[in-house]
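Tertiary structure, described
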Amino acid sequence: SSPGNNGKKKGRKKADDEDIDEVVLDDFTDLSPYLERGLTSDRAALRIVLERYNVAGVRDHVGRLQQLFDGLVPSVTTLAEGAEEEQQPVDAEAEKEETPTSSCIAAGAEGDDEKKVEEESNETDSGTNDAAVEKKENGGKEMSKEEKSKQILALQTKMPNYPLDSSVALDGANTADFFYLACGEEDDLDALRGKQRKVSVAKANVMRAGSSATKSDVSTVDEAEAKSAAEAEAGRKAATRMIELEARCRVSCKIKFGGFHPPPANRRIYGDLAYLEVTLPGASEDTVHVTAVPSGFYVNKTSIAPEGYGEPYVFDPRPAENACYSHELLDCLLQFSKTLRSVWADALNAARERAELTVSMATNESPVQSLYRVATRNDFSIKPSPNTLQQIDALMIRPSWLVPKGTSNTTSSSTHGVVGGRHEYNQARADEDLASTFGVDIRGGAVRDFNEELQSARELPRGTLQERTDRAKLVHKVLVEFGEAAMVGAKAIIDGLIVPMNPNEPTRSHVYFHNNIFFSRAVDAGVDTFKISQGDRAARKAASRDANCMGMLHRADIKGLHNLATVLVDYLGTRIVCQSVVPGILQGEKTHTLLYGSVEATQPLSWDENMHKLLEESLGRGFMIATRPVPTLPLSDDRMALIEKLRAASLENLSAMGIPLAGLYQETNKKETKPLTELCAPLEAKGIRGSDQRNYLLDLSRLTPRDANWVPESEGGTGRWEALASSAKGGRAKMFIPDSLDDDEHAMAILRHELVSSLTRKLMSKYLLAKKEEENQKEATDKKENSKKKEEKEEVDGEDEEYLASLRLNPNVFLPNIKSLQDIDEEAYKQIKKDEERVREAAAYLWDDVLPGLTKEIRENSGQILPVDGETLCEVLHQRGINCRYLGRLATLALEEEEKDRKAEADYTAGKIMSVPRRQMPFSWLELLECEMVARAAKHVLNSYLAENGGYGAAQPAQIIACFFSAVLSTGEERAADTQLRTEKSERVTSDSDLSPSFTYGHVVPSFSRAEIWGDIEREVGRRFRYVLTLYNTPQTTGKNNSSGGGEDAKPRTLYTPLLRRLCQRNGVRLVAKSYEIGGKCLCSKGNSSHPIASSDIAGVLPLVKHAAAAPGSEGFLPASFDSHSGPPSLHILLPDAKSMFDTAYAAWNQKALPQALDLFQESSNMYQRVVDTPLHSSIAKCLRMSAVILFQAGETDIAAANAARSLAIAVQLGGFDHPEAVNCHSTLAHILLNSNETGEGIKHLRAATYLTELMAGRNHTDLGSNYHKLGTMYHELGSPVDGLRFYQEASSRENADRIVSGMIAKSTALALANVGHFKIALDSEKRAYNMYRSTLGENHELTKSSAQNMSHFTKIAVEQGTRIAKEEKKRKEEQSANAMANEIVADELAAEAAKASKKKKNKSKKSKGKK
């Protein structure tokens, strides 16, 4: 039987004196035992009954076979005995494909029988963990010198040595090697670049020692070096081999329904179900025509038509001579084609080897390395995998903004802009797309009612833990599936595949009802709908606020109050609201009842007593909302007059068109109503009782009042912004910041719930403290009875409750276009004035206390809260109740602090002050604030560009996005000569115009200059944040040295790479991982070309999705994918037991109760996983990381490292390789590994954290200097002072906000310099440390004194060294002088002897002449 068999087998054994014993077997049961027993007995038989096909069965069968041909070839080819062992690799592979971290929760699962199958791979069950936690390190004997030397040598063999011709620093702007550096795989990167592999520190020391190194050390080092090189090479070869095997597993056999399908009526009566066309593998690629019948498949007689026939084939569905009939289509094709048999056999062998290799790689590599291998799989392969991007997206919940670029031999001209290889021809993919039902399960019967499923799940009992778990699981499942259905429906709406409910209205007003989900665009609905805000901007913001409030209600889990499932989808400037539907609301007014609020603008507010009580108990108590009277007809007279005027004009136009007007508008309710209505909800909220008799709360755009700081002072605001605007100096502020706060979008500027809670706690604490002091001051004049005391206590508690209720805020203050209560009810008018004053106090508390308090926290680093990117920045703000619109105010405060630091430094240098503060304002704080402001403003500007010309820009967005990004990430625009010179030097094979269409769909793509783009961005920053940029696009920052007031030697502060990352994340843009020349000149306004980012560099644009039920703390809109189904972001889990257990575990950990904390963290993790059925959830990742920390503290470093590695893999899958949580996990894992003597792996993860930090936050983040200092200390202490010195120098080149840390780095540098004998330079470095200690701590501090002693010591040694060098130099010079004098004397003597000999010779000559 072949894999994928549809047949059902029945085994029947019959004996002489026995009844018939029938055994029903499944598709993959081993039949060998039954055959053996059946054939040995008389009258024994085995009957196999094959299932009958129908049309749907044929379609499913063909789909499964096509999946096999596309690479899902099974590794099991037999059902005989022993197949179980052969199937293990496949099971391991399937488990790994599901998630590399699927066993991450097995650690510590106490008493969980379902986890016992993982006992062999799980060393951290409950008993082991308890023993590990309770284990204490015994004081061992001090190691001998030889043992210590061997230990250091063993550590050195794992540490990479960095050649002097390469830098030890990591380049955070390097996006080409993103996947390598983000995982710390620098060795693979060197191999890819053809560089020589880095040797270990031990090998470098042996090479420097030369012949003086001992033979044992040389042997040990060589063995370790060879082993390490072999392991690295084996990993790369395994990855390359895996790609080759996957290519072999893909069978080039295409199956599609033929052109003669479906069968005609006269053939259906003969049993024909379908006609298939199969393209067989091979050079000829023969096409085989197959007929599907209820019993199986056979090759028919359909043949190629002769010339002039008029059709490509001659139809004949009868069996061919070699019909190759089989119940399985695969068996039929294998009988027919010898080539397919050969290819299929090779695919089965490759699948078996692939399964074995998968198990081997999973054993030898960490979970995150599995993800890394998928991302870089094409780099080491000659034949690239065509679906690398789809594979990495299938593993990631959040798609990465950088995508693998493919192999170096793949050019854009051959792929036509497709990332990761060619776009393969696949008829099955086309058929699947054309047959899509856009999320509706047409074969499942009735369309799903998501609302009924959600509300029924919420109403499940919750008495026991099991009931609460089942309830939370079902709610989570429904919300996840609703999110997936909403995504599919939104894509269909964007593609125009769903007909709107109101096709005669403008496109922007279209609404859709599909799959029981209501879709609409977040735009101004006009004057007829009752609403407070106006304009598309306000409507867009209101939709986001409504999702936030729905999420708060979901987390509050209020019994009896129902809310709708809500998802927002942002795509190319369009925001689509997806909501479940209130039962009966689309069937007319009689099927539902409006209990609270108003739908029509001209209708009075409805009110129901039961609904009001429910809201008072839920919203009033839970969200501190006050009950206050409002006008029953709330809109102002001017607004009502405008509505009537617009209605009259509309009626006149419709009447002229001949359209009947009866019943078009609902008449204003003329009945007498009370002038005031009490509400405990926002004015525009609506309470509706659906046809299911449940109470629903809709249009909940706010649960807190408007922010009085963003209300014009003339309308009752605090006037803080107006005061700053009036005192502002300079033309840039006047140019970009509006004079007035009168903006439609500012009507949706509300206070955060965290701020209201913080203010309430502050006021309540102040009240209780004052009350306690008052009681202490009272003198006890007489003693009261116990009963009297109890009665007093109850009265006191009642007073406290009354005071707490008085702190509730009115959400309906400062609303535009609302009637004043002054002429309606004087008492109510006075009350609303008091409420307005309370809201102004809350806004003042935010302005005067919270914002300066956060600035002080950042400066003092009191909570280690310095963010690493825009996402963590927003999380820090939201935790403190600060809206992101205050980014500009925080940046202004940061500028003031930086100016104070510069002034203090100057005063200290000038001798005006004796000391300076220890901590300074970190440069990266201002840099991150401005980067986030630019990214957020740029998103709105880009959306406006895409919406121009009726939205044609969104239909062809690649060039607009490329030009926009190029302008934002540049300092100026290229001249024609610059462009020509760059083009001549460029090695691009193809231009952008080669990838763009030759026509523009009847319109011209908008073109914008850099000046226009930056002008729009700065105006948006001024309007949205009321701030003028100082690090971007200013006269001081358009050059290469953009230091913003730091002097000539200051380093650049403009964050280009972090800004590129945030632009991609905020707009859903995906770029190819390559080097971009950002921060220079750009080309953005000429035709189809752009630089430094070209349209061919854009791999796609993703939708941004906001799920109302998302877990708190995550960023609102997250990139998702229309194509992959990897799952939604982490949703909030309605299981309070798990959250309570996590909090209890954290408290136990803080109290050093490690065994209890570990058990509680693991139990909390198990609870979460029982709900979500997967370890891929942010809460589970947190539990794993905390378990790793506890195990490390208990001394079980190996188990702790395994938990930390799984936590890292989950963080990467949830948020990507560069998610902030991944940085934390890298740091945690590095700390554990370095303390467990795994120096090589620890250094790898520490450098990965360093690279990611610089990529996300720039080179001035304070963690960078600390990381480089940590690396330097490690190398210095383990016998590599040169490498340590290089890391120290890199650490000292980074900005550090703590002068003490800077002093420590300088001190370490001095020690390293002294270690290599450079005492004079060491003295200079120690002087810097001494000056920092003295200026911060004073002369009498121990650090200052220690530094002074070191200076004295270095001075003494430097003097001695200088004296010795001087003596040696003097001696050398004296020797040189003596040698010169000796040489001169010898030369004189030789000259005298020569003269004497010459004279003697002359005398002899004269004597001889005289004789003659």
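Residues numbered from 1 in each chain as written. Predicted model: local features only at pLDDT ≥ 70, side-chain atom pairs only at ≥ 80, totals over all residues. Heavy atoms only, no water.

1. Description of the pattern of salt bridges
A complete count under the given rule lists 88 salt bridges for this structure. With a closest N to O distance of 3.6 Å, Asp557 and Arg458 form a salt bridge. Separated by 99 residues along the polypeptide, Asp557 in the loop between helix H19 (536–556) and strand S12 (566–571) and Arg458 in helix H17 (residues 450–458) bring together distant segments of the chain. The class of Asp557 is buried, set by a relative accessible area of 17%. Arg859 serves as the salt-bridge partner of Asp901, at 2.6 Å between the closest nitrogen and oxygen. Placement of the pair is Asp901 in helix H28 (residues 887–909) and Arg859 in helix H26 (residues 826–860), with a sequence separation of 42 residues. Within the structure, one salt-bridge network assembled from shared partners comprises Arg537, Asp743, Glu745, Glu1020, Arg1023 and Arg1024. (Salt bridge = Lys/Arg side-chain N within 4 Å of Asp/Glu carboxyl O. Helix = DSSP H or I, 4+ residues; strand = E, 2+ residues; numbered from the N terminus. Buried < 20%, exposed > 50% of the residue type's maximum accessible area, 1.4 Å probe, protein only.)

2. Some remarks on the sheet that holds strand S20 (residues 1069–1072)
Spatially, three strands are ordered S9-S20-S23 in an open sheet, and the strand pairing comes out mixed. In this open sheet, the two edge strands, each paired with only one partner strand, are strand S9 (402–403) and strand S23 (1098–1101). Two strands pair when backbone bridges link them, and S20 and S23 are joined in this way by three bridges, in the antiparallel orientation. By the bridge assignment, Leu1071 is partnered in S23 with Ile1098. Across the sheet, helix H31 (residues 958–968) is in contact with S20 and S23; its angle to S23 comes to roughly 110°. (Pairing = 2+ DSSP bridges. Contact = heavy atoms within 4.5 Å. Axes fitted to C-alpha atoms, helices over the stretch in contact; angles between N-to-C directions.)

3. Quick notes on the environment of Ala681
Turning to its location among the elements, Ala681 is positioned in the loop between strand S16 (676–679) and strand S17 (686–689). Separated by 53 residues in sequence, Ala681 and Arg628 have C-alpha atoms that sit 9.1 Å apart. Each residue touching Ala681, except ones within four places of it in the same chain, is listed here: Tyr596, Leu615, Leu619, Ile625, Pro811 and Asn812.

4. What to know about the pairing of strand S18 (residues 695–698)
Residues Asn695 and Leu697 point to one face of S18 and Tyr696 and Leu698 to the other, with burial holding for every one of them. Where S17 lies against S18, four bridges are found, and the strand directions are antiparallel. Bridged to Gly687 within S18 is Leu697. The turn linking S17 back onto S18 is made up of five residues, and Gln693 within it adopts a positive phi angle of 65°.

5. Considering the nonpolar core
Counting 163 residues, the largest nonpolar core has Trp925, Phe964, Phe965, Ile1017 and Phe1217 as the members making the most contacts within it. Residue contributions to this core peak at 14 residues, all from helix H29 (residues 923–946). Each residue touching Phe964, except ones within four places of it in the same chain, is listed here: Ala938, Val941, Leu942, Tyr945, Ile1013 and Ile1017. Core analysis: the second largest hydrophobic core is formed by 38 residues, Val73, Val290, Leu329 and Met361 among them. (Core = buried A, V, L, I, M, F, W, Y, C linked by side-chain atoms within 4.5 Å.)

6. Quick word on the sheet that holds S17
Strands sit in the order S14-S17-S18 across an open sheet of three strands; the sheet is antiparallel. This sheet does not close on itself; its edge strands, each paired only once, are strand S14 (593–596) and S18. Strand-to-strand twist of the sheet, defined as the mean angle between neighbouring strand axes without regard to direction, takes the value 35°. Two strands pair when backbone bridges link them, and S14 and S17 are joined in this way by three bridges, in the antiparallel orientation. Note on S17: the bridge partner recorded for Thr593 is Arg689.

7. What to know about the confidence of the model for the chain
Atomic detail in the predicted coordinates should be set aside for any region of low pLDDT. Confidence in the prediction for the chain averages 82 pLDDT; 83% of positions are at 70 or higher. With pLDDT under 50 throughout, residues 79–140 is counted as low confidence; its partners more than four residues away or in other chains account for 102 contacts. When the criterion is pLDDT under 50, residues 790–796 qualifies, and its contacts beyond four places in sequence or with other chains add up to two contacts. (pLDDT = per-residue confidence, 0-100.)

8. Things to note about the state of the cysteines
What the rule picks out here adds up to zero disulfides. Free of any disulfide, Cys963 has its nearest neighbouring cysteine sulfur in Cys1084, separated by 6.1 Å. (Disulfide = S-S within 2.5 Å.)

9. Quick word on the environment of Glu600
Of note, Glu600 is situated in the loop between S14 and helix H20 (609–623). For Glu600, a relative accessible area of 26% translates into the label partly exposed. Glu600 sits 72 residues away from Asp528 along the chain, and the two C-alpha atoms are 6.0 Å apart.

10. Re unusual backbone geometry
Omega for the bond connecting His261 with Pro262 falls within 30 degrees of zero, at 0°, which places this linkage in the cis form. Residue position: Pro262 is located in the loop between strand S3 (254–257) and helix H10 (265–268). A cis amide bond, omega 10°, links His1091 with the succeeding residue Pro1092. Although it is not a glycine, Asp557 sits at a positive phi angle of roughly 55°. With phi around 60°, Asp1173 is a residue other than glycine that occupies positive phi space. With respect to the secondary-structure elements, Asp1173 resides in the loop between helix H37 (1154–1172) and helix H38 (1178–1193).

11. Description of a nonpolar patch on the surface
A surface patch of nonpolar side chains, about 270 Å² in accessible area, is lined by Leu164, Val1282 and Val1316. Relative to the assigned elements, Val1282 resides in helix H43 (residues 1281–1292). (Patch = residues over 30% accessible without salt bridge, like charges linked within 9 Å, V, L, I, M, F, W, Y side chains within 5 Å. Areas by Shrake-Rupley, 256 points an atom, 1.4 Å probe, with all protein chains shown as cover.)

12. Digging into the packing of helix H36 (residues 1136–1150) against H37
Taken N-terminus to C-terminus, the directions of H36 and H37 make an angle of 160°; their axes are 8 Å apart at the nearest point. The angle between the axes of H36 and H37 places the two elements in the roughly antiparallel class. Between H36 and H37 the crossing geometry is left-handed. Contacts between H36 and H37 pair Asp1137, Ala1138, Lys1139, Met1141, Phe1142, Thr1144, Ala1145, Tyr1146, Ala1148 and Trp1149 from the former with Leu1154, Ala1157, Leu1160, Phe1161, Glu1163, Ser1164, Met1167 and Tyr1168 from the latter. Along the lines of polarity and charge, the residues of the contact of H36 with H37 split into 13 nonpolar, two polar and three charged. (Parallel < 35°, antiparallel > 145°, perpendicular 65-115°, else oblique. Left-handed = near helix turned anticlockwise from the far one by under 90°. Nonpolar A, V, L, I, M, F, W, Y, C, P; charged D, E, K, R; others polar.)

13. Re a negative patch on the surface
Taken together, the side chains of Glu1384, Asp1388, Glu1389 and Glu1393 define an acidic patch exposed on the protein surface. Inspection of the secondary structure assignment puts Glu1389 in helix H46 (residues 1342–1411). (Lys, Arg positive; Asp, Glu negative; His and termini not counted. Charge placed at Lys NZ, Arg CZ, Asp CG, Glu CD.)

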